Amino acid sequence: MLRIPIEAAPALATPAWVDVDLDAVAHNVRAFRGLLPADCRLVAVVKANAYGHGMVACARAALQHGASELAVANVHEGGQLRAAGVTAPILVAGPTAPAEAGLVVQHGLVATVATVELAQALAAATRRYLPVHVEVDTGMGRHGVAARDLGALVDRIAQRGRLTVAGVYTHFAATSVAEGAALRAQLAAFHAAVDGCRALRGVRRHACNTLGALALAEARLDAVRIGGGLYGFDPFHGAGVRGPVELRPALALKARLVGLRDLPAGAPVGYGGTFVCARQSRIGLLPLGYADGLPRARWGGAPVLVRGVRAPVVGAVSMNQTLVDVTDVPGAALGDEVVLLGAQGGACIAAEERAEPGGSAYEVTTLLRASLPRRFLAGAGGERQQIPGGQVAAETGA
């Protein structure tokens, strides 16, 4: 299928951009929805600009195709969604400063309460009953009330008068499918803490992120919070086993060759001359660098796709420019589309390839500069979406 942008000029005139496939986001939401009982809600996590994909567009796509709520990292992100006209419930799944209580009320957000101080500030900021969620720390050691202190905190929230606990949740610390025992241990600790608090009987419970939802069916409870999986990041990728759903990556990072030069053997390339041509070489120039989200440690020597052929990044990545050795790419020419992440000509470069040892593919896309132009691609017959800061594209038959 050939994708033709509806608002093409601004996106295609730029020499570097991000393509976001909203059909892939829709597919992934439906895939998770198919795993869940009908009464289990899907909360789409769109924090950090939807992991670099574009928060507003992805939020709308997720809600349209099966998500019932959204989750963000902070009040600022929730305010951005409200300013864009998003009316679905929005959970701030992270810390909120007491000084931000007024903004929580103003934007109609659902705050996560883990301290008495925040509960007091929220109660003082609202004139009516305000729903909140409580996070229980069951092993992450990051945010949330200690399991032993859950009952006392819930009692203090009740004393505030205007707050009502609408949900209670925990956050899994495991990062791989091999950590099933750790997932189950946290889930047991969560159940024990909540079951021991009479005031939380009947309150909605949620524990699962993408990994939990895919690897531990009994942890799906009343809702799941899907972040990475929404954008096609599969925790089963590289694990040697097949996951329960087929996820589709939604993001491609692209640029055009804006320079080409022939260099002799022995010629240094880039800052510090860290790369020296071992042969007569043809070097291509890309108009993006570490200021755009390509850290030197992650992208030095990385392959990109030019005319469907893998070509390596050479030399130190500059702030706004990156060099690629296209010597082995027949016919490489100025204006050629280069794919740094995504597919071209039957070949593909996944974000997981760029993750550092011990790191996450999430970092790769989340680091992409928010102001880097994004084209949002939607299926044929889909309604055109007005997306601030981005272009919309539709698909048509070739």
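Quick note: structure is the one above.
Note that this is a predicted model, so its numbers are computed, not measured.

### Some thoughts on the overall build of the chain
- If you tally the helices and strands in the chain, you get 12 helices and 23 strands.
- Computed over its C-alpha atoms, the radius of gyration of the chain comes to 23 Å, within 12% of the 21 Å expected for a compact globule of 398 residues.
- Dimensions along the principal axes, computed over C-alpha positions, put the chain at roughly 75 × 40 × 40 Å.
- Within the chain, buried positions represent 50% of all 398 residues.
- When contacts within the chain are restricted to residue pairs at least 6 apart in sequence, those whose partners lie at least 24 apart make up 65%.
- Distance between charge centroids for the chain: 4 Å, based on 37 positive and 31 negative side chains.

### Overview of the layout of surface pockets
- When its volume is computed, the largest pocket comes out at roughly 1,200 Å³.
- Where the lining of the largest pocket is concerned, the elements lending two or more residues are helix H3 (47-51), strand E4 (69-72), helix H10 (210-215), strand E11 (223-226) and helix H12 (361-366).
- By residue number, the principal contributor to the lining of the largest pocket is H12, which donates four residues.
- When its residues are assigned to classes, the lining of the largest pocket shows 23 nonpolar, 15 polar and eight charged.
- Its boundaries defined by the atoms lining it, the second largest pocket holds a volume of some 830 Å³.
- Together, 38 residues line the second largest pocket, and Pro 249, Ala 250, Leu 251, Gly 342 and Cys 348 are the ones closest to its centre.
- Elements that contribute at least two residues to the lining of the second largest pocket include exactly strand E1 (2-5), strand E2 (16-21), strand E12 (251-256), strand E20 (337-344), strand E21 (347-349) and strand E22 (374-378).
- Looking at side-chain class alone, the lining of the second largest pocket contains 20 nonpolar, nine polar and nine charged residues.

### Regarding the environment of Leu 42
- Following the sequence through the fold, Leu 42 ends up in strand E3 (residues 41-45).
- Between the C-alpha atoms of Leu 42 and His 206, which are 164 residues apart in sequence, the distance is 10 Å.
- Apart from residues lying up to four places away in sequence, Leu 42 is in contact with Val 29, Phe 32, Arg 33, Leu 36, Gly 66, Ala 67, Ser 68, Glu 69, Val 224 and Ile 226.

### Focus on the packing of aromatic side chains
- Taken as a whole, this structure holds three aromatic pairs when the rule is applied.
- Here the aromatic rings of Tyr 51 and Tyr 231 are separated by 5.1 Å at their centres, their planes lie at 40°, and the arrangement is tilted. With Tyr 51 in helix H3 and Tyr 231 in the loop between E11 and E12, this pair connects stretches of sequence that are 180 residues apart.
- Pairing Tyr 51 with Tyr 362 gives two aromatic rings, centres 5.0 Å apart and planes at 65°, and the pair type is edge-to-face. Separated by 311 residues along the polypeptide, Tyr 51 in helix H3 and Tyr 362 in helix H12 bring together distant segments of the chain.
- Cluster of aromatic residues (ring-pair linked, three or more members): Tyr 51, Tyr 231, Phe 233 and Tyr 362.

Thresholds applied
Just so you know, the residues in each chain are numbered from 1, in the order the chain's sequence is written. Local features in a predicted model are, by the rule used here, given only for residues with pLDDT of at least 70; side-chain atom pairs are given and counted only at 80 or more, and totals for whole chains, interfaces and linings are based on all residues. The side-chain numbers reported here are obtained from all heavy atoms of the structure, hydrogens and water having been left aside. In this description a helix means any DSSP run of H or I spanning at least four residues, a strand means any run of E spanning at least two, and both kinds are numbered starting from the N terminus. Here the globule rule reads 2.2 Å times residues to the power 0.38, and the radius of gyration is calculated from C-alpha atoms. Whether a residue is buried, partly exposed or exposed follows from its accessible area with a 1.4 Å probe, protein chains only, as a fraction of its type maximum: under 20%, in between, or over 50%, in that order. Any two residues having at least one pair of non-hydrogen atoms within 4.5 Å are treated as being in contact. As used throughout, the charge tally considers Lys and Arg to be positive and Asp and Glu to be negative, leaving His and the chain termini uncounted. Just so you know, the charge point we use is NZ for Lys, CZ for Arg, CG for Asp and CD for Glu. The distinction between a cavity and a pocket rests on a 1 Å grid over the protein atoms alone: a 1.4 Å probe fits inside a cavity but cannot get out, while a pocket stays open yet meets protein on both sides within 12 Å along at least five of seven lines, and a residue with an atom within 4 Å of a point counts as lining. Grid points are joined across faces, edges and corners, and a volume is the space filled by probe spheres set on the points. Only Asp, Glu, Lys and Arg are considered charged in this grouping, and only Ala, Val, Leu, Ile, Met, Phe, Trp, Tyr, Cys and Pro are considered nonpolar; every other residue, Gly among them, is considered polar. Each pair of aromatic rings taken from Phe, Tyr and Trp, with Trp reduced to its six-membered ring, is defined by centres within 6.5 Å and is described as stacked if the planes are under 30 degrees apart, edge-to-face if over 60, and tilted in the remaining cases.

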